[in-house]
Amino acid sequence: MPAKRKAAKKTTKKKTGTGGGAKSKTARAKATSRVRATAKKKAAQAKKETKAKTTKKKTRIKTARVKAKKLDVELVLTAEDIETQEYSSDEYQQMMDMYDQTLKDIREGEIVSGTVMGVTRDDVIVDVGFKSEGIIPITEFTPPVNVQVGEKIEVFLDAIENNDGQLVLSKQKADFLRVWDTIKESHDSGKSVEGKIVRRIKGGMVVDLFGVEAFLPGSQIALRQIPDFDALIGKGMELKIIKINKSRRNIVVSRRVVLEEQREELRDQLLKEIEPGQVRQGIIKNITDFGVFIDLGGVDGLLHITDMSWGRISHPSELVQLGQEIDVKILDFDKSNNRISLGLKQLTPYPWEGVEEKFPVGSRVKGRVVSITDYGAFVELEKGIEGLIHISEMSWTQHIKHPSKLINANDAVEAVVLSIDKENEKISLGLKQLEPDPWETLDLRYPIGTRVSGKVRNLTTFGAFVEIEDGIDGLVHISDMSWTRRIQHPSEIMKKGDTLDVTILSIDKENRRISLGHKQVKPDPWPGLELQYAVNTETIGSIARILDRGVIANLPGDVEGFVPANQLGKTDIKKPVEAFSEGDEIPLRVIEFDSNNRRIVLSVNAYFSGKEQEEVEAYLKAHPTKEITVSDLVENADRIAAPSSSEKPSESGTRESSKTADSGEKTGTVSAESPSGEPEIKSEKPEDASETGKTDPEQDNEISKSENSSDPAKEKSDN
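Residues numbered from 1 in each chain as written. Predicted model: local features only at pLDDT ≥ 70, side-chain atom pairs only at ≥ 80, totals over all residues. Heavy atoms only, no water.

### Digging into the overall build of the chain
Condition: Put simply, DSSP H or I for four residues or longer makes a helix, DSSP E for two residues or longer makes a strand, and each gets a number counted from the N terminus. In this scheme, a residue with accessible area under 20% of its type's maximum is buried, one over 50% is exposed, and one in between is partly exposed, where area comes from a 1.4 Å probe on protein chains only. To be clear on the numbers: accessible area is Shrake-Rupley with a 1.4 Å probe, and residue cover counts the displayed protein chains and nothing else.
Per the secondary structure count, the chain includes 15 helices and 32 strands. Evaluated residue by residue, the chain yields a buried proportion of 37% over its 719 residues. Carbon and sulfur atoms make up 49% of the accessible area of the chain, which totals about 41,300 Å².

If you want it as C-alpha cells, here you go:
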C-alpha cells in the first residue's frame, strides 16, 4: 500500500507538472483571494462591533454620571470599572432603581416640558428627562433668541431615537400645536387677530402670530402699493387668517381684508353724510396729468387740475405728492354713480374779488412772466391773477415779430393796466405805455417842411419808405420823387439802404403816417424851364421809353418830353418800335409847353421843317424801318408795363400797395394820349398786391394800423 500511494503521488505530480500546471495555479490564486476577502470582511465587522460596544460603554458611563449628579451621588466610573466591577445583587438592584427614578414616561408626538442644558451658536440642548438630551436648531426660536441655561420650555417630541441614537425635539411644532386651536377658531369664525411683522422674505413678510410664524403676502399688506416694505418690520397690525394647513404648519394672513372691511364701513357711512360744500380730509391716491384722485375714506373723489389753484400750474405734482393728506371741498356729488368732484382752490378767497380796486386802470404794476405765446406774454400779478401784454402793446415804434425778442419767461416786468374784464377774468397790460408815445410829439420835432435825412428801408411800386428816426418811417410817394421825370419805379433813382434827403409833407398822428417828399428838397424848376423850352425851341433828345403812341425822350436838364408817333418823322411805321430803340438820339422841336400840367410835347417833323433834304435823308437812313416780330412786341410791351427784373419792388410793396389802392393814391401811369398827342398822367390804383411782391415783415406793424384808412387826403402818407 505505501508503495502504491507513492506511485500515485508521483503520477499526480507528473500530471500536474505536464498538462495542468497553469490551471492549478489560477485556481489556487482565486481561492487565496477569496480567503483574504473573507478575512478582511470579518476583521472590519469585528472592528465595527468593537467600536459600537465602546461607544455604548461610553454612553452608559456618561448617562450614569449625569444621573448621579442629579441625585447628588458621587460616582466615578470607567469603562474598566463597568467591565470588571462586580456588584452584589442588592447593590445592582439599588443602582437600577436610582436610574429608573430619573426617567420619565414620555411618548412620541406629545408636548413635553424640558430644561435648557446649553446654548451654542447653532443649537439649544434640552433635557426632557429621557436617557439622553435633545438638540433643537436655534433657528426654531423667534429672534432675538434670549433663551437661558436652566430655563423651562415646552418642546414637541418628534422621535425618541433617530439614526444617531439622539432624541428628536422641535420648538416650532410645540408652539404651533399649543396655539392651533386658537388659530383654527379665528380662521373659522373670521375674527381678526393681532400680529407683529418679524422680517421680510421673498414675496411678502413673516408675521409673529401667537408665538408662531405666519406668512403675509405682499399683495395682502395694504390696499395700495407699499413703497418700502422694510419700514413695516417691527410694527403690529390687525390681521385675518385666510388659509391654514396643520400638517404643513402653514398659516397665511391678510391685512388687506381687514382694510377693505373697514373701508366698506366708512364708505357706507360717508355716502350717507356727504354733501356739496363740505370740507373733508383725504389722502392722495393717484396723480395724473389732468388731476388727482383722493381717498376720502372708502370713496375716491377727483380733484381736477383746474380746481387746484387760482393760479397757473402745468402739472398736479407741483402742488401735491402721493400719499399726502390734504383738506378738500366737496363741489359736486353724483349719488347715482357715486362720483365726487373736489376742489382745493375753493378753500382760499377768490382772488378776482375787488380786482378793480387792487389794480386800477392806468396804474403801474409789477409781475412775473409765466407764459409767452405768439400773440403776447402773460404776467402773474399775484397768485391767481394774470394779465396779458399783447404784442401790439410792447413798443410804440418797433415791429415786434415775437414777444421773446423783448422779454422771456420768469422775467420780472413792470407794465401799465389798460383794461379789466372781471367777468371773464382778463386784464390787459401795456409795456410801451411806460414811456411817452413818440407820435404825440412828432409834429413838434418835425414841423411841416422840415428837411431831414433818412435811410431807405424799403422800396415798393408806388414809393419808398424812409426811416427818419428809430422805428418811425415815412413814405416818399413815386410822384414826389422828381419834378421833371415820370418815375416808373423808385429803383430808377434810389436803392435800399441809401441815405436820402426828404422833406416832411404831412403827419397823421391818428393813423401814424408820415408823408415825405424827395423832389421838394429842391425848388420847382418848371418856372425856369418855360424859357429854356419855349415853343419852337430846338434840342436833341435821347429816347428813354418807347410807347405804342410815341416815345419819351430825355432832354438836357434832366427833363422828359413826349414825342407822338405821328411826329417822329417817319410815315411808314405803325408803331415807334419798328424804327427806334431806347437810347437813340433824335432831333426835336418844342411844339407845346404846359407848365400847369408839367409836360412838354416835341416833334421831329417840326424840327425838319425848312431843313435841307440831305439832313432829312440822313435821319431816315439812321432809323430804317425794320420787320417787327411777335417776340419784339411782347418784349417791348413788358418793358413798358413793368420795371426790369433787377428792379422788382421790395417785399413790403404787397400790403402797402393794397393800402394805397384803397386810399386812391396815384402812381403816375401813362395812359391814352391827350388831344395834343401827349399821354395824360392819370390818378390810378397801383397794381394788385399779389403782383407787386411779398410783404416786408418790418412794415407789418405800421401797415396793420392803417389798413382800414380810406382818406384820399392821406394818399401819399403811409408809415
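### Regarding the sheet that holds strand β18 (residues 385-390)
To keep it simple, the criterion reads: Two strands qualify as a pair provided DSSP detects at least 2 bridges between them. Throughout, an axis means a line fitted to C-alpha atoms (over the contacting stretch in the case of helices), and angles, computed between N-to-C directions, take values from 0 to 180 degrees.
Around the barrel, 5 strands lie side by side as β16-β17-β18-β20-β19; this closed barrel has mixed pairing. Averaged over neighbouring strand pairs, the angle between their axes works out to 55° when direction is ignored.

### Structural notes on the sheet that holds strand β11 (residues 279-287)
Pairing is mixed around the closed barrel formed by 5 strands, whose spatial order is β11-β12-β13-β15-β14. Here the strands of the sheet are splayed against their neighbours by 50° on average, with no regard to which way each runs. Of the strand pairs in this sheet, β11 and strand β14 (residues 325-334) are connected by 5 bridges, and their pairing is antiparallel. If you follow Gln281 over to β14, its bridge partner there is Asp327.

### Focus: the packing of aromatic side chains
What counts is decided by this rule: To pair, rings of Phe, Tyr and Trp, with the six-membered ring standing in for Trp, must have centres within 6.5 Å; the planes then decide the type, stacked if under 30 degrees apart, edge-to-face if over 60, and tilted in the middle. Two conditions define a charge located above a ring, namely a distance within 6 Å from the ring centre to NZ of Lys or CZ of Arg, and an angle within 35 degrees of the ring normal.
If you walk through the whole model with that rule in mind, you get 7 aromatic pairs. Geometrically, the ring pair formed by Phe580 and Tyr619 is tilted, given 6.5 Å between the ring centres and 40° between the ring planes. Taken as a pair, Phe580 in the loop between β28 (559-564) and β29 (585-594) and Tyr619 in helix α11 (residues 613-622) lie far apart in primary sequence, 39 residues in all. For the pair formed by Phe580 and Tyr619, the shared burial category is buried. In this structure, Lys519 packs its charged tip against the face of Trp483, placed 4.6 Å from the ring centre. Taking the ring centre of Tyr607 as reference, the NZ or CZ of Lys611 above it sits at 4.6 Å.

### Comments concerning the nonpolar core
One broad rule of soluble globular proteins: the nonpolar side chains tend to lie buried together. For the record, the criterion: Buried residues of nine kinds, namely Ala, Val, Leu, Ile, Met, Phe, Trp, Tyr and Cys, make up a nonpolar core once their side-chain atoms join them within 4.5 Å. Contact definition: two residues touch when any of their heavy atoms are within 4.5 Å.
Judged by nonpolar contacts, the single largest core of 26 residues is most densely connected at Tyr533, Phe580, Ile586, Leu588 and Ile600. At the level of elements, α9 (526-532), β26 (538-547), β27 (550-555), β28, β29, β30 (599-603), α10 (604-608) and α11 are the ones that each hand at least two residues to this core. Among the elements that take part in this core, β29 stands out by supplying 4 residues, more than any other. Setting aside residues no more than four positions away along its own chain, Ile586 makes contact with Thr539, Ile540, Gly541, Ile543, Leu568, Phe580, Val604, Tyr619 and His623. With 22 residues, the next largest nonpolar core counts Trp180, Ala222, Val253 and Leu259 among its residues.

### Describing unusual backbone geometry
Its identity as a non-glycine residue notwithstanding, Glu425 has a phi of 55°, on the positive side. Within the fold, Glu425 resides in the loop between β19 (412-421) and β20 (426-430). For Glu425, a relative accessible area of 37% translates into the label partly exposed. The phi angle at Arg598 is positive, at roughly 55°, despite the residue not being glycine. Relative to the helices and strands, Arg598 resides in the loop between β29 and β30. Residue Arg598 is classed as partly exposed on the basis of its relative accessible area, which comes to 27%.

That is the geometry; function is a separate question.
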